[in-house]
Structures are given as C-alpha cells and as structure tokens.
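Geometric and topological summary
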Amino acid sequence: MKSRRPPSVTGRVLGTVATAIVLLFMLIYGFITYSALQRESGELDRNLLRSAQGLARALEQLGSDDGARAAVALFRSTELQALAGDVSEPELYVAVARRDGSLQLPAAQAPGLPLLDIADGIGHRAQGALTLRLYVASSAHWKVALIDDAPRRSAWLMTSVFMELAGYLLLTLPAVMLPLWLAVRSGLAPLQRLSDQVAARAPGDTRPLALSRSYRELLPLQLALDRLFERVAGGMAREKAFVHDAAHELRTPLAVIGTQAHVLAQAEGSAREAARQQLHAAVERASHLTHQLLRLAQADALAQAPRHAADVMDIVRDTLAGFASTAEAQGTELSLNGPDSALLATDARALRSIVENLVDNALRYGGPGGAVEVAALVHDTQWQLRVSDQGPGIAPEHREQVFERFWRGRAELARGAGLGLAIVREAARSLGGEARVDDGPAGAGCTLVVTLPR
C-alpha cells in the first residue's frame, strides 16, 4: 500500500492564504452586487420614470403623428442609450400610444402590450416568458411606457461585477502567493538545515548543536534538542557505568564459584565442606545480584505501565508476610502501622518492589535483635510509606548517594549489591513520586520515606 505524503507547511500556508483571499473576494462580490442592485434599482427607476414623463410632455407639444414617430425614434437613439450607459447592458424599450387609441408604437420585444390599461408609475408585468418592469407616464393625449427586462438586467449586473472582480483576483493571487511562497521557503530554510544537521549525526553523537546562525524562532527547539542530547549523554554514561559495575560485581562471585567448584572436585573432609559452603554463598550472591538487576530493569520500564485502583495496605501486608521468617531468624521485630485499607491508583508490581527493597534493606542494615517499623500514612493528595530501622544510620552527606546504583556505603557494612534503594527511587519516580532518607526514630538508625500521589 502506497504511503501518503505528510502535509506540507508551505502548502498549508499558501492554501490558507489563497482560501482567505477567495473568501474575501466573494464577500466583496456579494456586498458590491447587493449594493449595486439596490442602487441601480433606485436610480434607474427614478431616471426611467422621469424620462417617460418627459417624453409624454414632449409628445403633447407635437401635433402630427409623423412628428410623434420622429420624436420617439430620437428618444430611442439618444436618451435611452444614455440611460443604458454601457453598450453591453440589456436594451431598454419604449412603447407610446395616443390615449384615444388612434396611434400605437409598440416595443419590439413586447408586442401586444395593453399600454392603455396600465396604470401610471412603476410596476411589473408578465409578458409571455418575460418579466417586464414598466415605467408608465401619461399626458393629456399620450401615454408612454419604458420597458426593461428586470431579471436579465440583474443577471447582467451580477455577471459584470463578478467578471471585474475575477480579473482583480487573477492579478492578486500571483502577486500575493509568489512572494508568500518565497517568504515561507526562506523562513523554513533554517529549520531544514537544522533537520539535516540532526539527521547527519552519528548515533552516539550527543554534542550540542552548532548552527552558523541562530534564529529566535528556532532557539527554543535548538535548546530543547541540546537538553535532550545532554540527557541522552547522561543516560548513556549511566548505562555504561551500570554495565561496567554489573560486570565487576558479577566477576567476584563467578570467580569464587569457579575456584570453589575446582576445590570441591578435589578436596575431601572438612575442606570439601568448607568449599561447598563458600560455593553455596557465591551462588546465592550471584543469584541475588541477578535478581536485583532484573528488578532495576523492570523499574526503568514501569513508567509506561497502566495504573489500576488497588488496596495498598493489602500489598504491604502480603509483602511483609514474606519477610516474617527472615526477621524471626535474626531476632528482628517487624511491625506495621497504618489504616486497614487505602485505595490508590497505582501499579501493584512497582509498589511491591518498593516495599520489598525497603524492608530487605532495613533487615540487612538494621542488624539482629533490633526493630523494623513500617508505617503507612494516607493524606488527601498523597500516600506515604515510611520504613525505619535501628541500624548505624546514613550520614546526611551520603543520603543522596545511597540511591545511586552499586553504592554501598562503608565497606564493613556492605552486605548487598547496592541496587535496592536505586530500584526504590526508580520505581517511585515511575509512579510519579519520590524517595528520600530521614533520621530514624529517636535519632537512631534511619527512615526511608517514599511519597506517592493519590
């Protein structure tokens, strides 16, 4: 199937202007035609009636029929021609009769017109297929009628006005459209050059755009593209660092797995058991790291996930239930404070990932024998999840760093992969919220706070 060409800005501008010009000329045509018809009708009516009255008075001064015939012929050749004006106008006709009926001079286009029966003044009369407009005047012995084909005259007037305006329109369109086309083409040329420069870039080229001239209208687009390139460059740098760090993190457990597998194959007795335990620990670490990497990749993609109404307290309770055995094994008290139910339009997977990583982080760094408190606070416009532990806490200068990938703080306390809180922040952002670190209860440990809109 042949694809349709996209619309052209030049074509749209020219089409809009041409349409506006044509509509304007049609409006002018309608106004002029209406005004001309009204004016023509009034002026012509008065002039023709006066001419009919003047001819009737002139005939009254003549005694013979031959003189009347000569006067009527002269009137036709002079005054009627002057009244008609343009030679292309419809012809006017004159009919004359003695009031006693002894002489009639009928109009060529209206034979048999009962002139003596028509009242003086201005009126209309159907004569066969014609609609005539009559201007009738009488004197003591004569009756005069000037006859005009009214519909034909109106049609002629509208055609004359249209032809005159059409000529102006044919002159105006090229005179306006050609400079406008040149102006649009010239105005879009910088945009085309900008497009060509962007299209010619290599996939990894994120340098700011360098234009020979920057136009005010293009400056917002240029700045937006530069900011986009800057964000892309930052994202690419983060991804490269992520891949490098992930490879570095996986290298250690994989090396341990290889070494201990070799030892396990050859050792016996207590050495074999020690190798088995170290191998098991390395496999668990690699498995946990792989699981966290997958969670982080999912958190990056959750921004496009649909939102559905869900009871967040049910999600929190179900997630905490999965940590009950771990908390019991290390002697940590795990508690939940919050309402029985709270509905929120959210993505359940993202919310469950937030709760899991916050509680796992608190159990890892809170230490055995402590307490981990989970609190849910519901407000009018937002919902807040707070997870507090009694661990060593996080120094204020490091509270932003804890959300970076693979950042694990002091080495002696580093027990995880350094991805849990990075996953929390990404998931919170995907839901339109934010994550931060506050002081722990009574100044001990720390509190991880996630705020989400309702």
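Residues numbered from 1 in each chain as written. Predicted model: local features only at pLDDT ≥ 70, side-chain atom pairs only at ≥ 80, totals over all residues. Heavy atoms only, no water.

Here we take up the packing of helix 7 (residues 312–321) against helix 9 (residues 348–366). The contact between helix 7 and helix 9 brings their axes to 10 Å, and the two run at 45°. Considering the angle they form, helix 7 stands oblique to helix 9. Note on packing geometry: the crossing formed by helix 7 with helix 9 is right-handed. Of the residues in helix 9, those in contact with Val312, Ile315, Val316, Thr319 and Leu320 of helix 7 are Ala348, Leu351, Arg352, Val355, Glu356 and Val359. Taken together, the residues of the contact of helix 7 with helix 9 break down into 8 nonpolar, 1 polar and 2 charged. (Axes fitted to C-alpha atoms, helices over the stretch in contact; angles between N-to-C directions. Helix = DSSP H or I, 4+ residues; strand = E, 2+ residues; numbered from the N terminus. Parallel < 35°, antiparallel > 145°, perpendicular 65-115°, else oblique. Left-handed = near helix turned anticlockwise from the far one by under 90°. Contact = heavy atoms within 4.5 Å. Nonpolar A, V, L, I, M, F, W, Y, C, P; charged D, E, K, R; others polar.)

Counting 38 residues, the largest nonpolar core has Ile354, Leu358, Trp383, Leu385, Val450 and Leu452 as its most contacted members. Those elements that provide at least two residues to this core are helix 7, helix 9, strand 9 (371–378), strand 10 (382–388), helix 10 (420–430), strand 11 (434–439) and strand 12 (446–453). Ranked by residues supplied to this core, first place goes to helix 9 with 8 residues. Those residues in contact with tryptophan 383, other than ones at most four positions away along the chain, are Val312, Val316, Ala342, Leu344, Leu351, Ala376, Leu377, Val378, Val450, Thr451, Leu452 and Arg454. Counting residues in each nonpolar core, the second largest holds 17 residues, with Leu48, Ala56, Phe75 and Ala137 among its members. (Core = buried A, V, L, I, M, F, W, Y, C linked by side-chain atoms within 4.5 Å. Buried < 20%, exposed > 50% of the residue type's maximum accessible area, 1.4 Å probe, protein only.)

The next thing to look at is the pairing of strand 9. In this structure, strand 7 (residues 333–337) lies alongside strand 9, joined through 5 bridges in parallel fashion. Bridging from a neighbouring strand, glutamate 333 pairs with alanine 371 of strand 9. Relative to strand 10, strand 9 is paired through 6 bridges, and the arrangement is antiparallel. When the sheet's bridge partners are listed, glutamate 373 is paired in strand 10 with serine 388. Linking strand 9 to strand 10, which pair antiparallel, is a turn of 3 residues. (Pairing = 2+ DSSP bridges.)

The topology assignment puts aspartate 226 in helix 5 (residues 219–266). Arginine 201 is the oppositely charged side chain nearest to the buried, salt-bridge-free aspartate 226, at an N-O distance of 5.9 Å. Setting aside residues no more than four positions away along its own chain, aspartate 226 makes contact with Pro208 and Leu209. (Lys, Arg positive; Asp, Glu negative; His and termini not counted. Salt bridge = Lys/Arg side-chain N within 4 Å of Asp/Glu carboxyl O.)

Attention now goes to helix 7. All of the buried residues in helix 7 are Val312, Met313, Ile315, Val316, Thr319 and Leu320. With its buried residues spanning 160° around the axis, helix 7 presents them on a single face. Residues of helix 7 that are exposed and angled more than 90 degrees away from the buried face: Asp318 and Ala321. The opening residue of helix 7, the one whose side-chain oxygen lies 3.1 Å from the backbone nitrogen of methionine 313, is aspartate 311. (Arc of directions from axis to C-beta. Polar contact = N/O pair within 3.5 Å; in protein donor to acceptor, adjacent residues only side chain to side chain.)

Time to look at the sheet that holds strand 9. With mixed pairing, 5 strands are arranged side by side in an open sheet as 7-9-10-12-11. With one partner strand each, in any of the chains shown, strand 7 and strand 11 form the two edges of the open sheet. In this sheet, neighbouring strand axes are inclined to one another by 15° on average, regardless of whether the strands run parallel or antiparallel. Strand direction decides the pairing type here: strand 10 and strand 12, joined by 7 bridges, are antiparallel.

For the coordinates displayed, the defined rule picks out 8 salt bridges. Residue arginine 349 is joined to aspartate 347 by a salt bridge in which the shortest nitrogen-to-oxygen separation is 3.9 Å.

Two elements in contact, helix 9 and helix 10, have axes separated by 9 Å at closest approach and are oriented at 150°. Relative to helix 10, the element helix 9 is oriented roughly antiparallel. Crossing of helix 9 against helix 10: the hand is left-handed. Within the contact between the two elements, helix 9 uses Ala350, Ser353, Ile354, Asn357, Leu358 and Asn361 and helix 10 uses Gly420, Leu421, Ile423, Val424, Ala427, Ala428 and Ser430. When the residues that make up the contact of helix 9 with helix 10 are grouped by side-chain class, the tally is 8 nonpolar, 5 polar and no charged.

So, on to the side chain of asparagine 361. Checked against the element boundaries, asparagine 361 lands in helix 9. Looking at asparagine 361, the relative accessible area reads 14%, which means it is buried.

On to the pairing of strand 11. In the sheet, strand 11 pairs with strand 12 via 6 bridges, with the strands oriented antiparallel. Of the residues in strand 12, the one forming a bridge with glutamate 434 is threonine 451. The antiparallel hairpin formed by strand 11 and strand 12 contains 6 residues in its connecting segment, where alanine 442 sits at a positive phi of about 60°.

Honestly, that's just the spatial picture; any functional story needs more than this.
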